[in-house]
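Structural overview for review
Letter by letter, the chains look like this.
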Amino acid sequence: MGFKSFAIGILVRVLLIVGFAYLSLFFFFKDQSMVQAILFAVIVLFLALNLISFGNTTNKKITRFLESIRYSDFSSSFTKDSKLGNSFREMNMSFNEVIEAFKKTRAEKEEQMLFLQIMIQHINTGILSFDSQGRIGVINGEAKQLLQIPQFKDINDLGKLSVDLLKSVLSLKPGGSFSIKINNEIHLNVQSASFKMEGNSWTLLSFQNIRSELQKNELQAWQNLTKVLRHEIMNSMTPIASLANSLGTILEEDIHEEDTGELVLEKDSYVDLCEGLETISKRSTGLVDFVNAYRDYTNIPQPILKRFAVQQLFENICVLLKEELAKSGIQLQTDLNPKELELMADQDLIQMILINLIKNAKEAMEKATTRTILLKSGINSQSFPYIQVIDHGEGIVPEALERIFVPFFTTKKTGSGIGLAISRQIMNLHKGNLEVESAPGITTVFTMKFG
């Protein structure tokens, strides 16, 4: 029945049902004709079913449309029912536009997914993801090559390469990182991130073999250290050698033998000899102190990690340095937030770093008008604890900001130049870092970040 509109179709079907129902009743009561009455009743039933089916056209369309969206079947078309009227034509057009939009969005997502997959497979960083049950999600070729595990189905397969690596990965917090030496060829740096997908928690790991970079940095560090050692040793040995040669000349030229057989040295020569020997003694002592400082730098003990309250640490520092700072007219203030903050670290080593930083701050504040040093602690945006030492001294010029952590480099007239280097090394042993920011003449902030 090709009616021009859905409303007319409904109206005609209702009229036909009423008409045939009337005829059925007419033949049944007036002519007592059962055959005709039943025939018209069947026609009425057929028309009623047709009306119901016709009325469900909209529901069928909506159901077919929703199923197309649900099962991502965007091949459906809704153009054949436009003969039912303008309302159906507009609905068909809307359905087609929505399906086309979904089809376009899906195509774009598939292109993006393909691009991401290609990019993940071609980057030089190993990528691996696993869910809360340990099942592997994504793993690229670089990760397979680095980890050297042919069949990788579960995160526990990492134990085939290194049990320590597996333990470190399973205990790694989101956003954390660590480095581990697997063998002579592989030294991995591992970083972690977490995300949720389809209600399941996932962990994303990135792996990089930093062996060549470490070798390069190690070589550069040794070269820099060799330069420093050569410079310091030459500064001490050159005047010692020169003085020893001069003193030998004095003994050879200015000493003479009396008739009695006694050796006699002139007073001026004797004074020169004493001064020269004293200078040699001082330079030798300085060289010994330098060697001892180098020994201290290369023999930092492995930290013994224990949980302790930062408030207790701050109180100990204040008691230890109260009198020394008071003599310089400097006040040590503390800011602890939260007050119950705790650290998993070696308290003695951390205390040693803080004492060194506060003493450096005190020396930098000889001419400062603001006579306070702030000892501050808290939790950063990555939920990791930190401790800061803030002073208002002369500060550090930009050119020296990075070099101050180089062993034996110092901007002070006195000092070995290893205090900050040792402090940073201790923080590295804690899987943290020591950083500095400075605005000369305004403020300097040393930040101890704990991983």
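Notes on the overall build of the protein
Scanning the protein from terminus to terminus reveals eleven helices and 14 strands. Taking all 451 residues of the protein together, the buried fraction comes to 33%. Counting only contacts in the protein whose residues sit at least 6 apart along the sequence, the fraction spanning at least 24 positions is 55%. Carbon and sulfur atoms make up 55% of the accessible area of the protein, which amounts to about 28700 Å² in all.

Let's talk about a nonpolar patch on the surface
On the surface, F115, L116, M119 and I123 cluster together into a nonpolar patch covering about 350 Å² of accessible area. If you trace the backbone, M119 turns up in helix 4 (residues 86-122). Judged by its relative accessible area of 37%, M119 falls in the partly exposed class.

Notes on the sheet that holds strand 9 (residues 331-336)
Pairing is mixed across the open sheet formed by five strands, whose spatial order is 9-11-12-14-13. Where the open sheet ends on each side, the last strands, each with one partner, are strand 9 and strand 13 (433-439). The average angle at which neighbouring strand axes cross in this sheet is 15°, direction not considered. Pairing analysis gives six bridges linking strand 9 to strand 11 (residues 372-379), with the strands arranged parallel. What sits directly across from Q331, in strand 11, is T372. On top of the sheet, helix 9 (residues 310-327) reaches strand 9, strand 11 and strand 12 (385-391); it is set at about 170° to strand 9, its chief contact.

Observations regarding the environment of I38
Topologically, I38 is positioned in helix 2 (residues 34-55). For I38, a relative accessible area of 48% puts it in the partly exposed group. Between the C-alpha atoms of I38 and S24, which are 14 residues apart in sequence, the distance is 7.0 Å.

Focus on the pattern of salt bridges
Oppositely charged side chains can pair when the atoms bearing their charge come close. Under the criterion given, the structure shown has five salt bridges. Across the pair R307 and E342 runs a salt bridge whose closest N-O atoms are separated by 4.0 Å. Of this pair, R307 sits in strand 8 (residues 306-309) while E342 is found in strand 10 (residues 342-345), placing the two residues 35 residues apart along the sequence. On the basis of relative accessible area, R307 is assigned to the exposed category, the value being 54%. Taking relative accessible area as the criterion, E342 reaches 38% and is therefore assigned partly exposed. For E435, the salt bridge identified is with K449, shortest N-O distance 3.0 Å. Highlighted residues: E435 in strand 13 and K449 in strand 14 (residues 443-449), separated in sequence by 14 residues.

Remarks on the nonpolar core
Counting residues in each nonpolar core, the largest one holds 43 residues, and the members touching the most others are I387 and M448. For this core, the element with the most residues is helix 10 (residues 347-364), which contributes eight residues. In this structure, I139, I182, L188 and F207 belong to the second largest nonpolar core, which totals 23 residues.

With respect to the packing of helix 10 against helix 11 (residues 419-429)
Put simply, helix 10 and helix 11 touch, their axes get as near as 10 Å, and they point 145° apart. Note on packing geometry: the crossing formed by helix 10 with helix 11 is left-handed. Residue-level contacts link L349, I350, M352, I353, N356, L357 and N360 of helix 10 to G419, L420, I422, S423, I426 and M427 of helix 11. Across the contact of helix 10 with helix 11, the residue classes tally to nine nonpolar, four polar and no charged.

Overview of the packing of aromatic side chains
Here the structure, examined in full by the defined rule, presents one aromatic pair. Seen in terms of ring centroids, F195 and W202 are 6.5 Å apart; in terms of plane orientation they differ by 10°. Their pairing is stacked.

A short note on helix 11
Where helix 11 is concerned, the buried positions are L420, A421, I422, S423, I426 and M427. Where helix 11 terminates, the next one or two residues include K431, which has phi positive at roughly 60°.

So, helix 9
The end-to-end C-alpha distance of helix 9, which contains 18 residues, comes to 26 Å, matching closely the 26 Å that a straight helix rising 1.5 Å per residue would cover. The largest bend along helix 9 measures about 50° and falls at L321. Against the buried residues of helix 9 lie strand 8, strand 9, strand 10, helix 10, strand 11 and strand 12. Immediately downstream of helix 9, the backbone of G329 shows phi near 70°, a positive value.

As for the pairing of strand 11
Direction of pairing for strand 11 relative to strand 12: antiparallel, over a ladder of six bridges. Bridging from a neighbouring strand, L375 pairs with V389 of strand 12. Connecting the antiparallel pair strand 11 and strand 12 is a turn made up of five residues, with S383 showing a positive phi of about 65°.

Notes on the sheet that holds strand 2 (residues 136-139)
Taken together, the five strands give an open sheet; going across it, the order is 2-1-5-4-3, and neighbouring strands pair in antiparallel fashion. Two strands lie at the open edges of the sheet, namely strand 2 and strand 3 (177-181), each paired on one side alone. When the angles between neighbouring strand axes are averaged without regard to direction, this sheet yields 25°. Sheet topology places strand 1 (residues 126-131) next to strand 2; two bridges connect them, and they run antiparallel. Its bridge partner being in strand 2, L128 is matched across the sheet by I139.

Cut-offs applied
- Counting from 1, residues in each chain are numbered in the order their sequence is written.
- Local features are withheld for residues below a pLDDT of 70 in this predicted model, meaning they are given only at 70 or higher, and side-chain atom pairs are given and counted only at 80 or more; totals for whole chains, interfaces and linings count all residues.
- Neither water nor hydrogens contribute to the side-chain values; these are computed over all heavy atoms in the structure.
- Counting from the N terminus, the helices are the DSSP runs of H or I reaching at least four residues and the strands are the DSSP runs of E reaching at least two.
- Exposure categories follow from relative accessible area, calculated using a 1.4 Å probe and restricted to protein chains: below 20% of the type maximum is buried, above 50% is exposed, and the middle band is partly exposed.
- In this analysis, two residues are considered to be in contact whenever any of their non-hydrogen atoms come within 4.5 Å of each other.
- Throughout, the Shrake-Rupley method with a 1.4 Å probe supplies accessible areas, and for residues the shown protein chains are the sole cover considered.
- Patch building starts from residues that exceed 30% relative accessible area and form no salt bridge, then joins like charges within 9 Å and nonpolar side chains (Val, Leu, Ile, Met, Phe, Trp, Tyr) within 5 Å.
- Criterion for a salt bridge: a side-chain nitrogen of Lys or Arg within 4 Å of a carboxyl oxygen of Asp or Glu.
- For two strands to pair, DSSP has to find at least two bridges joining them.
- To obtain each axis, a line is fitted to C-alpha atoms, and for helices this fit is confined to the stretch in contact; angles are then taken between N-to-C directions over 0 to 180 degrees.
- We define the nonpolar core as a collection of buried residues of types Ala, Val, Leu, Ile, Met, Phe, Trp, Tyr and Cys that are connected through side-chain atoms lying within 4.5 Å of one another.
- In a left-handed crossing the near helix is turned counterclockwise from the far helix by less than a right angle, and in a right-handed crossing that turn is clockwise.
- Under this grouping Gly is polar, as are all residues other than the nonpolar Ala, Val, Leu, Ile, Met, Phe, Trp, Tyr, Cys and Pro and the charged Asp, Glu, Lys and Arg.
- Pairing of aromatic side chains requires ring centres within 6.5 Å, counting the rings of Phe and Tyr and the six-membered ring of Trp. Pairs whose planes differ by under 30 degrees are stacked, by over 60 edge-to-face, and all others tilted.
- In a helix, the anticipated span is given by 1.5 Å times the number of residues less one.
- Note that bend, as reported per residue, equals the angle between axes fitted to the 7 residues terminating at that residue and the 7 residues originating from it.

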